[in-house]
Amino acid sequence: MATAKFETPALKPYPVIPLVAAGAMANTKPFVASAAIQANLGFPGELSEGWEARAIDKMGDLLGKYRSLRVYMDACVHCGACSDKCHYFLGTGDPKNMPVARQDLMRAVYRRHFTFAGKHFPWLVGAVDLDKSVLDDWYSYYHQCSECRRCSVFCPYGIDTAEITMAAREIMDSVGVGQKYANEIIGKVHKIGNNLGLPGPALRDTLEGLEEDVKAETAADVLYPLDVQGAEVLLITPSADFFAEPHVESLIGYGKVFHAAGISWTLSSKASEAGNFGMFIGNYEQLRKIAMRIREAALELGVKRIVVGECGHAWRVAYSFWNTLVGIGAGGKDPFAIELQQQLDPRYKQPMHICELTHDLIGRGALRFDKEKNDHRIVTFHDSCNVARGSRMGDLPGGQFTIPRDIIKAVANRFHDMAPDGTHEATFCCGGGGGLLTDDLMELRVKGALPRMEALKQVADQHGVNFMATICAICKAQFSKVLPYYGFEMGLVGGVHQLVSTAIRLGEHH
Ligand code: SF4
Ligand code: SF4
């Protein structure tokens, strides 16, 4: 059982808007990045004289670059529709965790420096100067937003707090105040190729060990290949899949799918990470630099298809940004992007999600399953925010909701969805997304998981659900850690391809 220095919220039978607890989370903040970590990414190491003016310049820069940011700053009418939609407000009661209040932290500074009224009559419009105390509030509360976009679904103007959080983090990085966890990880990707800092030889050993384990369990020669020139598919997957539990069970499942369908595939030691924390810190250059490794690996290996494993924000980056970011998918115009477009097979979506691949194979009868092998599991599905609200799958609207559920129903007999106010586009964040999956934010993570835990408890009580499937590495890691705080077994969470792995028949090619 997990030990906690804070009180875990009690699970209620239905969602209740909490009593407001002003300042409850004011002192909750992640560790600040050291000067060395900042320097690795080309950011200043600490606050230095004149930082206020530089931060305002950066804000002006972002307002000019992203028209949406200026619209979000101007459009809010303070209707309050978003106020009770954030899992961090529901779990902590801190009013600054209401999305509108989170936005107002930046809006007050925006008004002071970028509006006529704020420049001349700041007291009339709630405009404030950016000083150290305001910056401290920014650091706390812009690191209590997982950029999940749930609030934007309920805002009549579609104001996206996630984008405001990203802008705030970018402004803070630009004056030397970065978050240790996210920025250290980005540094590891640049240096070694993945979030975990796992070097190529260790990765090869891990994959060989996996082949031996699967052979011992199934008697089949399922391969987990690395750096295979000329393979059909390059699989880009979160590095947690290589050894973390339950993540690795899904990697085992992907390998079995490729094996059963007779598709040659490879992983890459250069691009051994699907995650892209550049999005979490709102920095385009970092986002691009991380994604560039994948394009380089695809060109070097000469693959025909690029498939993305179970990772929520990675799929958002791949689906929504890779095309214009690095030319994977139509959009890139530089010579390497054009070369890649000519190399990739136009008969397939580029990139494709592993769920789209498996779903398509199931639809064409290319895979066979023994569903009863999953009969010990009563399954529900947690929609991950970045898949649900930042991307799509398949050819039909809502494919990101139906495709994973179709796969689950094809491989398991017992499935029950959670209540509709917390699934599909209204899904609740796991509480650890957006660069917050760090132990220095454990209280926030546990409290932010409350709405999801309440919905899970309902289906556990009503239907005996004992397995929550998801297609996100962060959700898997976050739930493994917080489930015990709420009295659930940590093994209750797993991947969709973990279920596929259990039921798939090997040795038959169709
Ligand atoms: S984006 Fe998500 S975490 Fe951020 S304020 Fe909105 S609901 Fe809360
Ligand atoms: S729902 Fe939209 S307009 Fe209303 S308070 Fe929230 S952000 Fe502002």
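Residue numbers run consecutively from 1 along every chain, following the written order of its sequence. Each chain takes a letter, starting from A, and each ligand takes a number, starting from 1, following the order in which they are written. Predicted model: local features are reported for residues with pLDDT of at least 70 only, side-chain atom pairs are reported and counted for 80 or more only, and whole-chain, interface and lining totals are derived from all residues. Hydrogen atoms and water are omitted, and side-chain values are computed over all heavy atoms in the structure.

(A) Region of interest: the packing of helix H2 (residues 51-65) against helix H3 (residues 67-75). Axis geometry follows a simple rule: fit a line to the C-alpha atoms, using only the stretch in contact for helices, then measure angles between N-to-C directions, giving values from 0 to 180 degrees. We count a stretch as a helix when DSSP gives it H or I for four or more residues in a row; a strand needs E for two or more, and each element gets its number in order from the N terminus. Relative orientation of the contacting elements H2 and H3 amounts to 105 degrees, with a least axis distance of 4 Å. Viewed along their axes, H2 and H3 adopt a mutual orientation that is roughly perpendicular. Of H3, the residues touching H2 (which contributes Leu 62, Leu 63 and Lys 65) are Arg 67, Leu 69, Arg 70 and Met 73. Split into classes, the residues belonging to the contact of H2 with H3 amount to four nonpolar, no polar and three charged. Angles are sorted into four bins: roughly parallel if under 35 degrees, roughly antiparallel if over 145, roughly perpendicular if 65 to 115, and oblique for all others. Contacts are assigned to residue pairs that have any heavy atoms within 4.5 Å of one another. Three classes are used: nonpolar for Ala, Val, Leu, Ile, Met, Phe, Trp, Tyr, Cys and Pro, charged for Asp, Glu, Lys and Arg, and polar for all others, with Gly counted as polar.

(B) Structural view of H2. For a helix, the expected span equals 1.5 Å multiplied by the number of residues minus one. Over its 15 residues, H2 extends 21 Å from the first C-alpha to the last, a length consistent with the 21 Å expected when each residue adds 1.5 Å. Among the structural elements, H3, helix H5 (99-114), helix H8 (132-141) and helix H10 (161-174) are those in contact with the buried residues of H2.

(C) Highlighting the side chain of Gln 103. Topologically, Gln 103 is positioned in helix H5. Assessed through its relative accessible area of 3%, Gln 103 is described here as buried. Relative accessibility decides the category of a residue: with a 1.4 Å probe and only protein chains considered, values under 20% of the type maximum give buried, values over 50% give exposed, and everything between is partly exposed.

(D) Focus on the environment of Leu 506. Here Leu 506 shows up in the segment after helix H23 (496-503). Taking the C-alpha atoms as reference points, Leu 506 and Asp 221, 285 residues apart in sequence, are found 9.4 Å from one another. If near-sequence neighbours (up to four positions away) are discounted, Leu 506 is found in contact with Thr 218, Ala 220, Val 222, Lys 256 and His 259.

(E) Geometry of the sheet that holds strand E2 (residues 265-266). Two strands pair under a simple rule: DSSP has to find at least two bridges between them. Spatial strand order, E2-E1-E3-E4: four strands in an open sheet with parallel pairing. The sheet is open, and its two borders are formed by E2 and strand E4 (352-353), each paired with just one other strand. The pairing of strand E1 (residues 233-236) with E2 spans two bridges and is classified as parallel. Bridge pairing in E2 links Leu 234 to Thr 266. Strands E1 and E2 of the sheet are contacted by helix H13 (residues 247-261), whose axis makes an angle of about 170 degrees with E1.

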